[in-house]
Amino acid sequence: MMNDVIEGLAISALDLLALQLRGLGVLVLTVLLGALLRRSSASVRHCLWRYGLAAVVALPILTALLPIVVGAANGAAPAP
């Protein structure tokens, strides 16, 4: 029983690399948008950074859940 939980939480090095690259992409996009908004108010820039960092934190959860949602929407069974 415990082995099933541990195997379910196992993640490969390529999966970690993919998550890091996606997180880097989100942060680069946040930096670029922040540069475009440099003349806007500080509260707008603060919200941008808040949502950018929240997206990076939520990325592993969304990555784990999204294939299940997409598969269910297409009528396919979720991957084991």
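Engineer: Mind laying out the confidence of the model for the chain, listing which residues take part and the relevant values?
Structural biologist: Detailed reading of the predicted coordinates is not advisable wherever pLDDT is low. Averaged over all residues, the pLDDT of the chain equals 82, while 69% of them reach at least 70. At the level of individual helices and strands, the chain shows its lowest average pLDDT in helix α1 (residues 2-9), which scores 59, and its highest in helix α2 (residues 13-36), which scores 92.

Engineer: Before we move on, could you go through the packing of aromatic side chains and cite the residues and values that matter?
Structural biologist: The way to describe two aromatic rings as a pair is by their centre distance and the angle between their planes. By the definition in use, this model includes zero aromatic pairs. Positioned over the ring face of Y51 is R50, at 5.7 Å from the centre of the ring.

Engineer: Before we move on, could you go through a nonpolar patch on the surface and cite the residues and values that matter?
Structural biologist: A surface patch of nonpolar side chains, amounting to about 600 Å² of accessible area, comprises L14, L17, L21, L24, V28 and L32. You can see L24 is positioned in helix α2.

Engineer: So what about the environment of S43? Which residues, and what values?
Structural biologist: Along the polypeptide, S43 turns up in helix α3 (residues 42-73). Engagement of the side chain of S43 in a polar contact is seen with the side chain of S41, the distance being 3.2 Å.

Reading the values: the criteria
Counting restarts for each chain, with residues numbered from 1 along the sequence as it is written. Whole-chain, interface and lining totals are the exception, using all residues; otherwise, since this is a predicted model, local features are given only for residues with pLDDT of at least 70 and side-chain atom pairs are given and counted only at 80 or more. Each side-chain value is worked out from all heavy atoms of the structure, with water and hydrogens disregarded. Confidence scores here are pLDDT values: one per residue, from the predictor, ranging 0 to 100. Only DSSP runs of H or I with at least four residues qualify as helices, and only runs of E with at least two residues qualify as strands; both kinds are numbered from the N terminus onward. Pairing of aromatic side chains here covers Phe, Tyr and the six-membered ring of Trp, requires ring centres within 6.5 Å, and sorts the geometry by plane angle: under 30 degrees stacked, over 60 edge-to-face, intermediate tilted. Whether a charge sits over a ring depends on NZ of Lys or CZ of Arg being within 6 Å of the ring centre and within 35 degrees of the ring normal. Like-charged residues within 9 Å of one another, or nonpolar side chains (Val, Leu, Ile, Met, Phe, Trp, Tyr) within 5 Å, are grouped into patches, provided each residue has over 30% relative accessible area and no salt bridge. Only the protein chains shown count as cover for residues, and all accessible areas are computed by the Shrake-Rupley method using a 1.4 Å probe. Only one rule defines a salt bridge in this text: a Lys or Arg side-chain nitrogen within 4 Å of an Asp or Glu carboxyl oxygen. Here a polar contact is taken to be a pair of N or O atoms separated by no more than 3.5 Å, where protein atoms must pair a possible hydrogen donor with a possible acceptor and residues adjacent in sequence count only if both atoms sit in side chains.

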